[in-house]
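# Coordinate analysis (summary)
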Amino acid sequence: MTKWKEGFSSLALAAAILGAITTTVLADAGELHIYNWTDYTSDEMIKKFEAETGIKVTIDTYDSNETALAKLSSGAAGYDVMIISNDFVPIFVKQKLFQEVDAGAMPNFKNVDPKWQHRPWDPDAKYTVPWVWGTTSYSVDTAVYKGPTDSLKPLFDPPAELKGKVGMFGSPTEVISLALVYLGKDQCNSNPADLKELDALLEAQKPFVKVYNSDGIVERQVAGETVMHEQWSGKALATRQQKSTIKYVYPKEGAVGWMDNVAVPTTAPNLDNAKKFLNFLMDPENIALQQKYTGYQSAIAGSNKLLAPDIGGSPEFNPPADLKITFAPSCDEKAIRAYDRIWTNLRQ
Amino acid sequence: MGPNRTWLLIAPAMLVIGVFMVLPLFLAVGYSFMTANPYGGVTAPATFDAYLQFLYQRDFDDSLVFSPSYALIILRSVYLAIATTIICLVLGLPVAWYIVCQTPERRRILLFAVTLPFWINTLIRTYCWILILRDEGLANGALRHAGIISDPLPLLYNDGSILLGLVYTFLPFMVLPIYSTLERIDPRLIEAAHDLYAGRAAVFRRIVWPLARPGALAGATLVFAPALGSFLAPDLLGGGKKLLIGSLIQMQFTSSRNWPFGAALSTVVTVVVLTVFVIRSRRVEEERR
């Protein structure tokens, strides 16, 4: 009995020492706390980062840009990197919630596609590196709709046969952004004449709209419930893989773009690890793992080649070079209220 | 038991009600008198703007104009909640009565069946209705197969489908309270009524209904209150084409970033529900006298 006890205690001691050693090793490499959208971080990519650097990664999530902003501006510390939409980058920078990391000078920055090296929300790449991005336009079932597919006109001014067959997003800003691109007007518009035109356009479109909902679009399109639907490029690809007659339209008026970016909060406890992670993400091999997980485009040259050819080489992932892509900034209160009014009256 | 011990025993319950119910309620009322922060949240100064917004809106050129949009949305929500309550009552009463008339063994099975839907998440159950009602769904498929229709019926994305979703979700809240009152009816009362030559209709009207009323009233409030604020069924089954107050509130706290107006809307919902409660308890008291 005593022998057994002795044996047990020495085993426990050995385990404790072993544990102490491993934790010291990990503590040496340190930690990295990521703050990201829910279900938006690839496990495979994080495991690779941990294996290469020995840094232990912890992930915390949020569900909207507003939540993330509220949390950080209330003084929450402890995050080393966070992922945030293009429209919110200037707000964070203006409130001094991000610190300069000079991403443009990092070794892997040369991998960033030249057209994304100078992004309007961070022109000199002082604060952020790109995460993933995509375009917003619409997809249409060409087996049912035989008309032209080179413009936003069929979506906003549909032919009679599409009455009750069109789907739009459920979010006012995304519907209005695309409508403003169609009208050729400025984003975040508070010009009364433009707003009246916008209002009239959406009111006239309403009888053709079956549903305003951003969820379950792939299903609706595959089941044929909607012939035409406002859509993101990544989801449009997923739809076409299930129904080959679906086409994602690149309109001559342009499309709306969105990009999520990786930045370092001012309060980051592990600045060096954060910089390592930013540099890591600009390697095509690493961001490709993230792309595989979320199904969106990356801004790193060469990463598409590492994906399956029917995804990396798809038209949805490779917009034409001459496509005009409008990135909508976050609007001021006046425009938000006007949008809200149009959106409520539309659905009163 | 001394008064001290009594207080001690009540304290945990009071604390829970205070922290999780009364405090948020006051917070909501307080927020409704504040100014909206551009990125969500509220700031000083205090104003009545949120309440003004119910009837007046700033036009695109910033002038204040009368606008019935919000009033219409609130009226539609109240109308749908009342319709849900009436339909639940009409469907729930016979079901409860039927269960009461069974043997104890079968009663248990039937009661279990009534509560069975609660075992599955409401979102999933509501989504299943989409699969049933949509153009290529089960209902239209069956009708087409039977040769009754050739083009699909527009079953989804209208007021009818919203109503269906609400009735489906809240029916158990009507059946259970009515059942619990009917269960206590002395069957001899009904026998006596029959002995005195009362027909089935008279038995229902003069014996069953008066005794079932407290349960029906409890059920009605249990159905009306959540139906008024519900936003799952309206959003999914209504296709988002027509706003109801639940979705409107949710919108104010997210994309519209107008927390004071969202708080004002919730306050209105609370006031409507409380009014219904007060009227109900007054009537119950009057009947007791």
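Given the structure is predicted, the values throughout are model-derived calculations rather than measurements.

### Quick notes on the layout of surface pockets
As a volume, the second largest pocket reaches approximately 630 Å³. Considering the residues around the second largest pocket, the lining is formed by 27 residues, among which Arg337(A), Asp49(B), Gln53(B), Arg58(B) and Asn258(B) are closest to the centre. Within the residue set of the lining of the second largest pocket, elements represented by two or more residues are helix H13 (333-346) of chain A together with strand E1 (35-36), helix H2 (49-52), strand E3 (56-58) and helix H12 (259-288) of chain B. Here the lining of the second largest pocket takes 6 residues from H13(A), the largest share from any one element. A class-by-class count of the residues in the lining of the second largest pocket yields 12 nonpolar, 6 polar and 9 charged.

### Some remarks on empty space enclosed by the protein
In total, this model carries 2 cavities of 30 Å³ or more according to the counting rule given. Taken as a whole, the largest cavity encloses approximately 90 Å³ of empty space. Every residue lining the largest cavity is listed: Asn213(A), Asp215(A), Gly216(A), Glu219(A), Arg220(A), Glu225(A), Tyr127(B), Ile130(B), Arg134(B), Tyr157(B) and Leu236(B). Only helix H8 (217-222) of chain A together with helix H5 (122-133) of chain B provide two or more residues apiece to the lining of the largest cavity. Of the residues assigned to the lining of the largest cavity, the class counts are 4 nonpolar, 2 polar and 5 charged. Lining of the second largest cavity is provided by Pro172(A), Thr173(A), Ile336(A), Tyr339(A), Asp340(A), Ser255(B) and Ser256(B). Of all the elements, H13(A) adds the most residues to the lining of the second largest cavity, at 3 residues. Of the residues in the lining of the second largest cavity, the class split is 3 nonpolar, 3 polar and 1 charged.

### Observations concerning the nonpolar core
Soluble globular proteins tend to bury their nonpolar side chains together. Of all hydrophobic cores here, the largest spans 153 residues; its most connected members are Phe92(A), Phe156(A) and Phe277(A). A per-element tally of this core places helix H3 (residues 69-100) of chain B first, with 11 residues. Looking at this core, you find at least three residues from each of domain 1 (33-133 + 258-306) and domain 2 (134-257 + 321-346) of chain A.

### Remarks on the interface of chain A and chain B
Contact with chain A, which involves 37 residues of that partner, is made by 38 residues of chain B. Between chain A and chain B lies a buried interface of about 3200 Å² when both sides are counted; carbon and sulfur atoms form 50% of it. Of all residues in chain A, Arg341(A), Arg347(A) and Gln348(A) give up the largest surface area on contact with chain B, accounting jointly for 22% of the area buried on that side. Seen at the junction of chain A and chain B, the total is 3 salt bridges. Counting across the interface, chain A meets chain B through 11 residue pairs in polar contact (both at pLDDT 80 or more). The leading source of residues in the side of chain A that touches chain B is H13(A), at 11 residues. The residue makeup of the side of chain A that touches chain B, split by class, is 16 nonpolar, 7 polar and 14 charged.

### Description of the packing of helix H6 (residues 172-183) of chain A against helix H7 (residues 192-205) of chain A
All names here are of chain A. Packing of H6 against H7 leaves a shortest axis separation of 10 Å and a crossing angle of 110°. The orientation of H6 relative to H7 falls into the category roughly perpendicular. Along the contact surface, H6 presents Val175, Ile176, Ala179, Leu180, Tyr182 and Leu183, while H7 presents Glu197, Leu198, Leu201 and Leu202. Taken together, the residues of the contact of H6 with H7 sort by class into 9 nonpolar, no polar and 1 charged.

### Digging into the packing of helix H4 (residues 104-115) of chain B against helix H7 (residues 159-182) of chain B
Residues and elements named next belong to chain B. Axis separation between H4 and H7 bottoms out at 9 Å; the angle between their running directions is 150°. The angle between the axes of H4 and H7 places the two elements in the roughly antiparallel class. As for how H4 packs across H7, the hand of that crossing is left-handed. Along its contact with H4, which presents Arg107, Leu111, Val114 and Thr115, the element H7 presents Pro172, Val175, Leu176 and Tyr179. When grouped by side-chain class, the residues that make up the contact of H4 with H7 number 6 nonpolar, 1 polar and 1 charged.

### A look at the state of the cysteines
With the rule as written, the count across this model stands at 1 disulfide over all chains. Paired by a disulfide, Cys188(A) and Cys331(A) hold their sulfur atoms 2.1 Å apart. Disulfide Cys188(A) to Cys331(A): torsion about the S-S bond roughly -85°, handedness left-handed. With Cys188(A) in the loop between H6 and H7 and Cys331(A) in the loop between strand E11 (325-327) and H13, the pair connects residues that are 143 residues apart, well separated along the chain. Residues Cys188(A) and Cys331(A) agree in their burial class; the two are buried. Counting only cysteine sulfurs, Cys128(B) is the nearest neighbor of Cys88(B), a cysteine outside any disulfide, at a range of 19 Å.

### Brief notes about H6(A)
All names here are of chain A. For H6, spanning 12 residues, the distance from its first C-alpha to its last is 16 Å, which sits close to the expected 16 Å at 1.5 Å a residue. With 10 of 12 residues buried, H6 lies mostly within the body of the structure. Among the residues making up H6, those that are buried are Pro172, Val175, Ile176, Ser177, Leu178, Ala179, Leu180, Val181, Tyr182 and Leu183. In the segment just after H6, Gly184 is the residue with positive phi, at about 70°.

### As for the packing of aromatic side chains
Under the criterion given, the structure shown has 28 aromatic pairs over all chains. Aromatic pair Phe112(B) and Trp119(B): ring centres 5.8 Å apart, planes at 80°, arrangement edge-to-face. Relative accessible area serves as the criterion here: at 65%, Trp119(B) is assigned to the exposed category. Following the ring pairs from residue to residue traces out a cluster consisting of Phe33(B), Phe48(B), Tyr51(B), Phe54(B), Tyr70(B) and Phe261(B). Just above the ring of Phe208(A) sits the side chain of Lys163(A); from NZ or CZ to the centre is 5.4 Å.

### A few points about the domain arrangement of chain A
Residues and elements named next belong to chain A. Each domain of chain A was delimited in the assignment, giving domain 1 (33-133 + 258-306) and domain 2 (134-257 + 321-346). On a C-alpha basis, the centroid separation for the pair domain 1 and domain 2 is 28 Å. Facing the 12 residues of domain 1 at the interface are 14 residues of domain 2. Around 940 Å² of area is buried between domain 1 and domain 2 when both sides are counted, 59% of it from carbon and sulfur atoms. Counting every contact that joins domain 1 to domain 2 gives 0 salt bridges. Our enumeration of links across domain 1 and domain 2 arrives at 2 residue pairs in polar contact (both at pLDDT 80 or more). Across the side of domain 1 that touches domain 2, the residue classes tally to 8 nonpolar, 3 polar and 1 charged.

### A few points about the pattern of salt bridges
Close approach of charged atoms lets side chains of opposite charge pair. All told, the structure shown has 15 salt bridges over all chains when counted by the stated rule. Between Lys243(A) and Asp141(A) there is a salt bridge; the shortest N-O distance is 3.1 Å. One end of the pair, Lys243(A), is in the loop between helix H9 (233-242) and strand E8 (246-249); the other, Asp141(A), is in strand E4 (residues 128-141), and 102 residues separate them in sequence. The buried category is assigned to Asp141(A), whose relative accessible area is 4%. A salt bridge links Lys165(A) to Asp135(B); the shortest N-O distance between them is 3.9 Å. With one member in each of two chains, Lys165(A) in the loop between helix H5 (153-156) and strand E5 (166-168) and Asp135(B) in the loop between H5 and helix H6 (138-145) form a pair that bridges those chains. The exposure class of Lys165(A) is partly exposed, given its relative accessible area of 25%. The class for Asp135(B) is buried, based on a relative accessible area of 10%. When salt bridges with common partners are traced through the structure, they connect Lys48(A), Glu52(A) and Glu285(A) into a single cluster.

The rules behind the values
- Residues numbered from 1 in each chain as written.
- Chains lettered and ligands numbered in written order.
- Predicted model: local features only at pLDDT ≥ 70, side-chain atom pairs only at ≥ 80, totals over all residues.
- Heavy atoms only, no water.
- 1 Å grid on protein atoms, 1.4 Å probe; cavity = no way out; pocket = protein on both sides within 12 Å on 5 of 7 lines; lining within 4 Å.
- Points joined across faces, edges and corners; volume = space filled by probe spheres on them.
- Helix = DSSP H or I, 4+ residues; strand = E, 2+ residues; numbered from the N terminus.
- Nonpolar A, V, L, I, M, F, W, Y, C, P; charged D, E, K, R; others polar.
- Core = buried A, V, L, I, M, F, W, Y, C linked by side-chain atoms within 4.5 Å.
- Buried < 20%, exposed > 50% of the residue type's maximum accessible area, 1.4 Å probe, protein only.
- Domains from an automatic or database assignment.
- Contact = heavy atoms within 4.5 Å.
- Buried area = accessible area lost by both parts, 1.4 Å probe.
- Salt bridge = Lys/Arg side-chain N within 4 Å of Asp/Glu carboxyl O.
- Polar contact = N/O pair within 3.5 Å; in protein donor to acceptor, adjacent residues only side chain to side chain.
- Axes fitted to C-alpha atoms, helices over the stretch in contact; angles between N-to-C directions.
- Parallel < 35°, antiparallel > 145°, perpendicular 65-115°, else oblique.
- Left-handed = near helix turned anticlockwise from the far one by under 90°.
- Disulfide = S-S within 2.5 Å.
- Expected span 1.5 Å × (residues − 1).
- Phe/Tyr/Trp six-rings, centres within 6.5 Å; stacked < 30°, edge-to-face > 60°.
- Lys NZ or Arg CZ within 6 Å of the ring centre and 35° of its normal.

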